[in-house]
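# Coordinate inspection notes
Below, each chain spelled out in residue letters.
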Amino acid sequence: MTAATTITARNNRGTATDGRSPEELRELVSHWGAELELAPAEDIIEWAVATFGARFCVTSSMGDAVLADIASKVAPGVDVVFLDTGYHFVETIGTRDAVQATLPVNLLTITPVQSVAEQDATYGKDLYKTDPDLCCKLRKVQPLADSLASYDAWATGLRRAETHHRVIAPVIGWDAKKGKVKVSPLARWSDEQVERYIADHGVLVNPLVYDGYPSIGCWPCTRRVAPGEDPRSGRWAGTNKTECGIHS
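First things first, this report covers the structure right here in the doc. All figures in this text were calculated on a predicted structure; none of them were measured in a lab.

## A closer look at unusual backbone geometry
In the Ramachandran plot, Met62 falls in the positive-phi region, its phi being about 65 degrees despite a non-glycine side chain. Relative to the elements of secondary structure, Met62 occurs in the loop between strand 2 (56-59) and helix 3 (66-74). One non-glycine residue, Asp126, adopts positive backbone phi at about 55 degrees. Note on placement: Asp126 falls in the loop between helix 5 (116-123) and helix 6 (127-130). Of the residues examined, Asp126 reaches a relative accessible area of 15% and is grouped as buried.

See the structure below:
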C-alpha cells in the first residue's frame, strides 16, 4: 500500500501528459459502451485498466468502499481519488483513512484551491446557504475537474437505482464537460446487490449509512432520511437542488 497523498486543486493544472484525443476517446465509448453494458463490474474495470493504464482512476465519496474494493482486486495500486471539500463528516474522513489502511490502492486526497476560511473571506460566511451551487462548484466540481487533468477516464460509483435522475447513466459514457470517458461499473447494481457484496466481502461502509444517512455529502447540506423516503432526499433538503454538478 502506498502513502496517502493530498493534492490541492491548483497543483494539478497543466500537469497532464499526452493522452488520447477527444475523438479517440469518443470512439472508444461508441464501440465499447454497448459491448460492456451487461458485463460484470470486474470486467468493466479490467477493460478500463487495460485500455487506459495509468490514465485511469477511481473516484470515491467514501459512502462505502465497494468500488474501491473491486478495483483494488482487479488492479492493485490503482489511483483512488477522494475529494475533501473541507465540509465532510468526521465519519467520512475516517472511512477514507480506513480504505487507505486496508486496501492496496494509491489514495489521492484532493482539496479545493481555497480553504473554507478563505472562501468565507472571499464570498461571505456559509456560502453553502447563500449560493449552494457556487459552493459546490468551488469545493467539488472544479477541484475534481482539475484533478482529472492527467487521466483519460475515471470510474464512479454512480448507480441508476439511486435516483430517477440517473436512470440513463451509461456503464461506459462520454463526459463532454470534462472531456473524459466516464466509467460506471456499478450502474446496473441494485441496492440489494450492493448490500450483498458488502456482506460477502466484508467491505468498509461509512458508519453514517447505518445512522439514517443513505446518501452522504457535506455535513451542512445532508440530513437523516426517514424510513421509506427517497435515499437522496437528505441531500440539500428543502431546496430544488438534487445534484452537486459533478454528474450533470
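After that view, the rundown keeps rolling.
## Notes on the environment of Ser30
Relative to the helices and strands, Ser30 is located in helix 1 (residues 22-35). Along the primary structure Ser30 and Gly173 are separated by 143 residues, whereas in three dimensions their C-alpha atoms are 8.3 Å apart.

## Here we look at the nonpolar core
Grouped together as the largest cluster of nonpolar side chains are 42 residues, with contacts concentrated most on Phe52, Phe56, Val66 and Ile172. Secondary-structure elements contributing two or more residues to this core are helix 1, helix 2 (41-52), strand 2, helix 3, strand 3 (79-83), strand 5 (153-155), strand 7 (180-183) and helix 8 (191-201). For this core, the element with the most residues is helix 2, which contributes 6 residues. What Phe56 contacts, discounting residues up to four positions off in sequence, is Ile45, Ala48, Val49, Val78, Tyr151, Ala153, Trp154, Ala155 and Val183. Counting 9 residues, the second largest nonpolar core, distinct from the first, contains Cys57, Leu83, Leu144 and Tyr151.

What counts, and at which threshold
- Residues numbered from 1 in each chain as written.
- Predicted model: local features only at pLDDT ≥ 70, side-chain atom pairs only at ≥ 80, totals over all residues.
- Heavy atoms only, no water.
- Helix = DSSP H or I, 4+ residues; strand = E, 2+ residues; numbered from the N terminus.
- Buried < 20%, exposed > 50% of the residue type's maximum accessible area, 1.4 Å probe, protein only.
- Core = buried A, V, L, I, M, F, W, Y, C linked by side-chain atoms within 4.5 Å.
- Contact = heavy atoms within 4.5 Å.

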